Amino acid sequence: MKVLNTCYKLGILHVTVYAFSIENFNRSKEEVDTLFSLLRDRLKFISEKEESYARFNSIRIKIIGNRTMIPSDILKDLEDIEERTKNVSSAKVLNVCFPYTSRDDIVHSIQSIASQVELKEIESNEHITLETLTNNMYMGPNTPPLDILIRTSGHTRLSDFMLWQCNYNCMIEFVDTLWPNFRAWDIMSIIMKWSYYRTLQLEQQRIMSNKKTDNQKLSTDILKELPPHPPFASITQH
């Protein structure tokens, strides 16, 4: 909760956690069932009552992933959690990826677009853009771009998480801390680092923009200093 509180207090309105990978289905059924139940019970705990964490802090909980893989009883509880938190007035969002992989996310987007083309909701293949693909991901449209992706536990791999989203201007941070030991200070230090480099990037863009403007002005000034052109003449005139 402290990590979430820190993010929201710093103005980070969208936070996404990787709760369960589709690859985790390779584990034993008992282990998978336990993980599903733990997640369901934890989300119910933070959202069920009026004074619960999510509802008290006006946080919308969204389940992101392939819902066809979730047992019906667990899915019903998760959808109830979404329903209880969807009408809050705040813009704070907690995306829970469950079950999820980026490859499945991309496949889902392509399948959704193909259906829309077949139904003539999209006029033709030529109208499919990067924005179309992004809007048909599990998170849907109106989701801000990913600024920071944090991989804990000392692993230097992304484990098929938000590969489509962590592209332009996204900082990827690998930390040695295990997720259960990840604290508010850990997230604060990462955000401060991102803020520093983002400030440098924006300053560099400002300088380059000013240089471009100055060069344009210089070109215009040079043209003004040129002597006037000779009088026009026509070969048909005598």
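Our subject is the structure that appears above.
Parameters and conventions
Residues numbered from 1 in each chain as written. Predicted model: local features only at pLDDT ≥ 70, side-chain atom pairs only at ≥ 80, totals over all residues. Heavy atoms only, no water. Helix = DSSP H or I, 4+ residues; strand = E, 2+ residues; numbered from the N terminus. Buried < 20%, exposed > 50% of the residue type's maximum accessible area, 1.4 Å probe, protein only. Contact = heavy atoms within 4.5 Å. Areas by Shrake-Rupley, 256 points an atom, 1.4 Å probe, with all protein chains shown as cover. Expected span 1.5 Å × (residues − 1). Arc of directions from axis to C-beta. Pairing = 2+ DSSP bridges. Axes fitted to C-alpha atoms, helices over the stretch in contact; angles between N-to-C directions. Patch = residues over 30% accessible without salt bridge, like charges linked within 9 Å, V, L, I, M, F, W, Y side chains within 5 Å. Salt bridge = Lys/Arg side-chain N within 4 Å of Asp/Glu carboxyl O. Phe/Tyr/Trp six-rings, centres within 6.5 Å; stacked < 30°, edge-to-face > 60°. Core = buried A, V, L, I, M, F, W, Y, C linked by side-chain atoms within 4.5 Å. Disulfide = S-S within 2.5 Å. Parallel < 35°, antiparallel > 145°, perpendicular 65-115°, else oblique. Left-handed = near helix turned anticlockwise from the far one by under 90°.

Caption draft 1: Geometry of the overall build of the chain. On a plain count of helices and strands, the chain comes out with seven helices and five strands. The order of helices and strands in the chain, counted from the N terminus, is α-β-α-α-β-α-β-α-α-β-β-α. Considering the chain as a whole, with its 238 residues, one finds that 33% of them fall into the buried category. A separation threshold of at least 6 residues defines the contact pool for the chain, and within that pool the share at least 24 residues apart is 67%. Looking at the chain as shown, the accessible area adds up to about 15900 Å², and 56% of this sits on carbon and sulfur atoms.

Caption draft 2: Region of interest: helix α4 (residues 72-85). With 14 residues, α4 extends 20 Å from end C-alpha to end C-alpha; this agrees with the ideal 20 Å at 1.5 Å per step. Of all the residues in α4, the buried ones are I74, L75, D77, L78, I81, E82 and T85. For α4, the angular spread of buried residues about the axis comes to 165°, placing them on one side. More than 90 degrees from the buried face of α4, the exposed residues found are S72 and K76. For α4, the elements touching its buried residues are α2 (29-45), α3 (53-56) and β2 (59-64).

Caption draft 3: A look at the sheet that holds strand β1 (residues 14-18). With parallel pairing, three strands are arranged side by side in an open sheet as β1-β3-β2. The open sheet is flanked by β1 and β2, the only strands paired with a single partner. For this sheet, the mean inter-axis angle between neighbouring strands, taken without regard to orientation, is 20°. As judged from the five bridges shared by β1 and strand β3 (residues 92-97), these two strands associate in the parallel manner. Bridge pairing in β3 links V15 to L94.

Caption draft 4: Expanded view of a nonpolar patch on the surface. A contiguous nonpolar patch, built from L10, W185, M188 and M192 and spanning about 430 Å² of accessible area, is present on the exposed surface. Residue placement: L10 occurs in the loop between α1 (2-9) and β1.

Caption draft 5: The arrangement of the packing of aromatic side chains in detail. What the rule picks out here adds up to 10 aromatic pairs. Arranged with centres 5.2 Å apart and planes meeting at 75°, the rings of F20 and F25 form a pair that is edge-to-face. Both rings, one in F25 and one in F36, keep their centres 5.8 Å apart while their planes meet at 65°; by these two values the pair is edge-to-face. Note that F25 is positioned in the loop between β1 and α2 and F36 in helix α2, a separation of 11 residues in sequence. Taking relative accessible area as the criterion, F25 reaches 30% and is therefore assigned partly exposed. Aromatic rings pair up to connect F20, F25, F36 and F98 into one cluster.

Caption draft 6: Region of interest: the nonpolar core. One finds L43, L78, L94, V96 and F98 to be the most contacted residues of the largest nonpolar core, which totals 31 residues. Every element with two or more residues in this core is listed here: α1, α2, α3, β2, α4, β3 and α7 (184-225). Contacts of V96, omitting those with residues within four sequence positions, involve V17, A19, L39, L43, I61, K62, I63 and I64. By size, the runner-up hydrophobic cluster in this structure holds 11 residues, among which are C97, Y100, L149 and C170.

Caption draft 7: Fine view of the side chain of D77. Of note, D77 is situated in helix α4. Non-local contacts of D77, meaning those with residues more than four positions away in its chain, are made with R40 and K44.

Caption draft 8: Main features of the state of the cysteines. Here the structure, examined in full by the defined rule, presents zero disulfides. Here C166 is not cross-linked by a disulfide; its sulfur's nearest cysteine counterpart is in C170, at 5.2 Å. Take C166: its relative accessible area is 13%, and that puts it in the buried class.

Caption draft 9: Region of the structure containing α1. Turning to α1, its buried residues number three or more, namely V3, L4, T6, C7 and Y8. Once α1 finishes, G11 follows within two positions and takes phi at roughly 90°, a positive value.

Caption draft 10: View of the packing of α2 against α4. It is at 10 Å that the axes of α2 and α4 come closest, and there the two elements cross at 25°. Taken as axis vectors, α2 and α4 run roughly parallel relative to one another. Considering the relative orientation of α2 and α4, their crossing is left-handed. Between α2, through F36, S37, R40, L43 and K44, and α4, the contact on the second element is made entirely by I74, D77, L78, I81 and R84.

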